[in-house]
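Residue-level structure breakdown
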Amino acid sequence: MRRIESKIDTSSDEFRLNRAHNRGLADTLKERHRAARRERPVRDLDRLSRQNKMFVRDRIELLLDPGTPFLELSTLAANTEYGGEVPGAGIVSGIGIVNGREIIIHADDASVKGGAWYPLSVKKIVRTLDIAIENRLPVVHLCDSAGGFLPLQADIFADRYLAGRIFRNQSILSKLGVPQIALVLGHCTAGGAYVPALSEYNVIVRGTGAIFLGGPPLVKAATGEDVTVDELGGADVHTRISGTADYPATTEEQAIAIARELVGQTQRPTKLDVERIAPEPPYYDPDELYGVIPRDIKIQFDVREVIARLVDGSRFHEYQPAYGNTLICGFAHIWGFKVGILGNNGVLFNDSSLKGAHFMQLCNQSRVPMIFLQNITGYMVGRDYEHRGITKDGAKMIMAVSGSEVPKITVICNGSFGAGNYGMAGRAFDPRFLFMWPQSQISVMGAEQAANVLADIKIRQLSREGRSLAPAEIAAIREPILEEYRRQSSAYYSTSHLWDDGILDPTNTRNALAMTISVALNAPIDRPHYGVFRM
Amino acid sequence: MRGAGLSGIGGVLMQHTFVIAEMEHEAWLSRRGDGYVLHVGEKAIPIALADAEGGGQVLGLGTEICRVLIAPDGDLVHIHVDGSTFSVRYVDPVQRYGSHSGGSADDIAEAPMPGVVIAVHVKEGQPVETGETLMVIESMKLETAIKAWRDGAVAVVHVGVGQAFQRGAPLLSLAPQSET
């Protein structure tokens, strides 16, 4: 494998302007992460300490092996919803190391609305458990929730992927033999009571932990019975009488120590035997990514410059270097793991689509995980391309990406528009993980194109009524559409709605990829087989 | 028989190529028993390398044993042995056997996709340096800079600002390079 020869001039004005711009975006991201993780109203933190409970971040820190990496997922979930008052959707999710084993954490954040589950909290927990299922990751649940947020109950309860899915996923994990350990650190009420009940092991803290289907006020209203929290579902009730909980703990610290011991007893998964060599840092500094990404999403850049700053030794074996050049395909190593990379270098044409579909089959054939680097405005339009069958060639890519058995990990590096999102392993195509970069945008078409289409419709409508519009009136139609479109296509909107697993600082991407490839190899890979490719 | 001494059939063997003091050297390492054998020309020499106490390595070559210090530095490896330092560069075989002849296609920038010219930054006859932006085109919401792919002089600007073109159309030519 040869080193990619970078053609970027790191002393150019262009590079320095890009770097300043993208560093600024990375700093904003960092600050927003910090605020979502740590900034809470004083009264909420006071309430926690009055209740003798730890802040969720401190619990997680105590649980993890010291000095090991923690890949937090969807930190900015719900950042654009609920008036911005539910940071992280009130849930912490992430992959870390406990007693030498890779695990995934679902933790309720009681400093946010008492840990109540909002619709996006449910979506985040379901996603966390989907990741556990797909990657056979043991789960540690840190339970401390007031229960479902009742004013929005219609959006959390009944549908296929709402709260019931949490318990369904827990049962599937158990069926697959992937262990779950639940710590009852606060109340587990109603649906929440099933989280510890459906875990292989659970620990409950005396005094603060409680499990019940209906809390004391509900019991009082239903049957008139007067009962305290402890009598109804405290540590002693469940570890001595009901058998709903396994281990009583006198403090949160002890509960976490027991959890660490339990994780240590789980069987170590056998990782898939894929090629792994001694890791090596990229020859080109990943920090230069800030200067590589243009300030304007419309400006094209060479994805090989990105690949050079992600992979070991910046070495890349490019497949079909002379064919279908708007899609770059090839093999490389990331922290020693062999990967197949597909990166957009322009619009997808017939040849680049065929190349992509073919390369995905090669990766499946040789069991190489695939990394998709998205920067795609779509498939080429126009008579020539329709005649050549651009739609059926795009369909081949979609067939290949859907039928792939090897793990897929997608990074949206810049634009993700239209069907290009699909052919390049967008969210609907089950990549094991999907991350976005701060400046990236995602929507069915570009904001300006959409605003033009919608404004045109309006203008034609009015002209049928015999009215014509002055330029100022047209602008008045276009501007609000443009603004709403921009808002909804931003990476922050995407991550708010869990269309992705988080926004990454580009310079952290290499490490995030390595961790996710590593966990992806816990699950078996089937032999490749596909549906019908339209020829 | 091929393999025994690495030189049985008279043809070229795909050995590793190294450059030391601007000279190319070919060598190959093969496994034999528990160790390795270094093949250079007709010679096959048992070779072993181990970490030495107090830093550096111990190199065994045939019957000789010496202390060496090996320091990788990007594409180079500096080797200090017997009071001398050698800088060794590995030559990638795909690059080494690649042909460097430039055809006429190397003189023309072709449109990577159909689109419209939105800016032309150079005039015919103007000298340009590699990487310099010659022209900017727009297609499918994307602006692509057409950059000088080598040093040279602009021969022809085939399309002007506002002009549309098909994929593969010539955009701009550089004057042919004279053979040296």
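None of these values were measured; they are calculated from a predicted model. (Residues numbered from 1 in each chain as written. Chains lettered and ligands numbered in written order. Predicted model: local features only at pLDDT ≥ 70, side-chain atom pairs only at ≥ 80, totals over all residues.)

A word on the overall build of chain A
Along the backbone of chain A there are 20 helices and 16 strands. Compactness check: chain A gives a C-alpha radius of gyration of 25 Å against a globular reference of 24 Å for 535 residues, within 12% of the reference. Counting across all 535 residues of chain A, residues that qualify as buried make up 48%. Considering only intrachain contacts with a sequence separation of at least 6, the fraction spanning at least 24 residues in chain A is 76%. (Helix = DSSP H or I, 4+ residues; strand = E, 2+ residues; numbered from the N terminus. Rg over C-alpha atoms; globule rule 2.2 N^0.38 Å. Buried ≥ 20, exposed ≤ 12 C-beta atoms within 10 Å, placed from the backbone. Contact = placed C-beta atoms within 7 Å.)

What about the sheet that holds strand E11 (residues 127-128) of chain B?
Residue and element names in this part refer to chain B. Strand order in this open sheet of four strands is E9-E16-E14-E11, and the pairing throughout is antiparallel. The open sheet terminates on both sides in strands that have one partner only, identified here as strand E9 (108-110) and E11. Pairing of E9 with strand E16 (residues 170-174) involves three bridges; the strand directions are antiparallel. What sits directly across from Ala109, in E16, is Leu172. (Pairing = 2+ DSSP bridges.)

A look at the sheet that holds strand E4 (residues 43-51) of chain B
Residue and element names in this part refer to chain B. Taken in spatial order, the eight strands line up as E1-E2-E3-E4-E5-E6-E7-E8 and close into a barrel, and their pairing is antiparallel. Along the sheet, successive strands turn relative to each other by an average axial angle of 35°, direction set aside. Summarising the sheet, strand E7 (residues 76-81) and strand E8 (residues 84-91) pair through six bridges and their orientation is antiparallel. Paired with His78 across the bridge in E8 is Ser87. (Axes fitted to C-alpha atoms, helices over the stretch in contact; angles between N-to-C directions.)

Re the domain arrangement of chain A
Residue and element names in this part refer to chain A. The domain boundaries assigned to chain A delineate domain 1 (11-40 + 270-444 + 490-535), domain 2 (41-265) and domain 3 (447-488). Look at where the C-alpha atoms of domain 1 and domain 2 centre, and you get two points 33 Å apart. Contact with domain 1, which involves 22 residues of that partner, is made by 28 residues of domain 2. Those elements that place two or more of their residues in the side of domain 1 that touches domain 2 are helix H1 (13-38), helix H19 (491-496) and helix H20 (509-520). (Domains from an automatic or database assignment.)

Details of unusual backbone geometry
All names here are of chain A. The phi torsion at Gln320 lies on the positive side, around 45°, for a residue other than glycine. Residue Gln320 is classed as partly exposed on the basis of its C-beta count, with 17 C-beta atoms lying within 10 Å. Residue Arg367 is not a glycine yet carries a positive backbone phi of 55°. Take Arg367: there are 17 C-beta atoms within 10 Å of it, and that puts it in the partly exposed class.

Some words on the pairing of strand E6 (residues 64-73) of chain B
Residues and elements named next belong to chain B. The element E6 is barely covered by neighbouring structure, given that only zero of its ten residues are classed as buried. Bridge count between strand E5 (residues 57-61) and E6: five bridges; the pairing is antiparallel. For Gly60, the partnering residue across the bridge sits in E6 and is Ile65. Between E5 and E6, which pair antiparallel one after the other, the connecting turn spans two residues, and Gly62 there sits at a positive phi close to 60°. Where E6 and E7 come together, six bridges link them in antiparallel fashion. Looking at the pairing, Ile70 lines up with Ile79 of E7. Counting the residues between successive antiparallel strands, the hairpin from E6 to E7 contains two residues, one of them, Gly74, with a positive phi of roughly 60°.

What to know about the environment of A:Leu498
Residues and elements named next belong to chain A. Examined against the element boundaries, Leu498 turns out to sit in the loop between H19 and H20. Sequence-wise, Leu498 and Arg127 are 371 residues apart; in three dimensions their C-alpha atoms are separated by 8.4 Å. Leaving out residues up to four positions away in the same chain, Leu498 has contacts with Ser74, Ala77, Leu120, Lys123, Lys124 and Arg127.

Description of the interface of chain B and chain A
Contacts between the two partners involve 13 residues from chain B and, on the opposite side, 15 residues from chain A. Counting residues per element, the ones that place at least two in the side of chain B that touches chain A are helix H1 (93-96) and strand E13 (142-147) of chain B. The element best represented in the side of chain B that touches chain A is E13(B), accounting for three residues. A breakdown of the residues in the side of chain B that touches chain A according to their chemical character gives six nonpolar, four polar and three charged. (Nonpolar A, V, L, I, M, F, W, Y, C, P; charged D, E, K, R; others polar.)

A few points about the environment of A:Arg295
For A:Arg295, the location among the structural elements is in the loop between helix H11 (289-292) and helix H12 (303-307). Ignoring any residue separated from it by four or fewer positions in sequence, one finds A:Arg295 in contact with A:Leu17, A:Asn18 and A:His21.

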